[in-house]
Amino acid sequence: MSSTRPALPLTGGCSCGAIRYEIVSFPLLLYACNCTDCQKASGSAFALNMPVLARDFHVLQGEPKGWPHLSPKGVAVTSRFCGDCGGRIYGERAGRAEIVNLRAGTLDDTSWLVPVAHIFMKSAQSWVEPAADAGCYETQPADFNTLTLAWRAMWPEFFPKK
Ligand SMILES: [Zn+2]
Ligand SMILES: [Zn+2]
């Protein structure tokens, strides 16, 4: 497993480079979602979801297109993607304007990404094997706070104990 430590700002963008962004505070969380909607949207086995503070997420170049739709649970969400190459970059959720949910694979440096939990394991591909200390949930955790605490413990340099 990689042992690289990231430095702020984190930078990333879409495949064609039309959209570029930076994140100036450390992400709030990183988890893998194995639900069938994330499989469909990513064209892969799971999505790597990285909530970041919206005020610290800056699109530096380009203007992502938006696809407003309803999540499986009926929540209004907008997926943001590059209009040229179609790469999904982040999502926004109605009633939660302070957070954007970044697709972590769009970061320039993905070598340090270790999800603190896997959710919706009930629809995970049979070969998906979360890290030994990762939280595993059949669907959603009752409380994401447990995940947040575990994430913060992984990154003491960004979340110093008060
Ligand atoms: Zn693009
Ligand atoms: Zn999902």
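These lines cover the structure that appears in this document, whether it is placed above or below. (Residues numbered from 1 in each chain as written. Chains lettered and ligands numbered in written order. Predicted model: local features only at pLDDT ≥ 70, side-chain atom pairs only at ≥ 80, totals over all residues. Heavy atoms only, no water.)

### Considerations on the sheet that holds strand S7 (residues 76–81)
Reading across the sheet, the eight strands line up as S6-S7-S8-S9-S4-S3-S10-S11 and stay open at both edges, with mixed pairing between neighbours. Whereas interior strands pair on both sides, the edge strands pair on one side only; in this sheet they are strand S6 (65–70) and strand S11 (135–136). Pairing geometry for strand S3 (residues 31–33) and strand S4 (residues 47–53), over three bridges, is antiparallel. Looking across to S4, one finds that Tyr 31 is bridged to Asn 49. (Pairing = 2+ DSSP bridges. Helix = DSSP H or I, 4+ residues; strand = E, 2+ residues; numbered from the N terminus.)

### Quick word on the coordination of the zinc ion (ligand 2)
Coordination of the zinc ion (ligand 2) by the protein is provided by Cys 33 (SG), Cys 35 (SG) and Cys 38 (SG), with metal-donor distances spanning 2.1 to 2.3 Å. Here the donor residues for the zinc ion (ligand 2) map to a single chain with the spacing C-x1-C-x2-C. Of the two residues examined, Cys 35 and Cys 38, each falls in the buried class. (Donors = N, O, S within 2.8 Å, 3.2 Å for Na, K, Ca; no water. Buried < 20%, exposed > 50% of the residue type's maximum accessible area, 1.4 Å probe, protein only.)

### Details of the pattern of salt bridges
Enumeration according to the criterion identifies three salt bridges in this entry. Residues Arg 5 and Glu 157 are paired through a salt bridge, measuring 2.8 Å at the closest nitrogen-oxygen approach. Here the residue Arg 5 occupies a position in the segment before strand S1 (10–13), and Glu 157 occupies one in the segment after helix H2 (145–154), the gap between them amounting to 152 residues. Note on Arg 5: relative accessible area 46%, which makes it partly exposed. Arg 20 is paired through a salt bridge with Asp 108; the nearest N and O atoms lie 2.7 Å apart. (Salt bridge = Lys/Arg side-chain N within 4 Å of Asp/Glu carboxyl O.)

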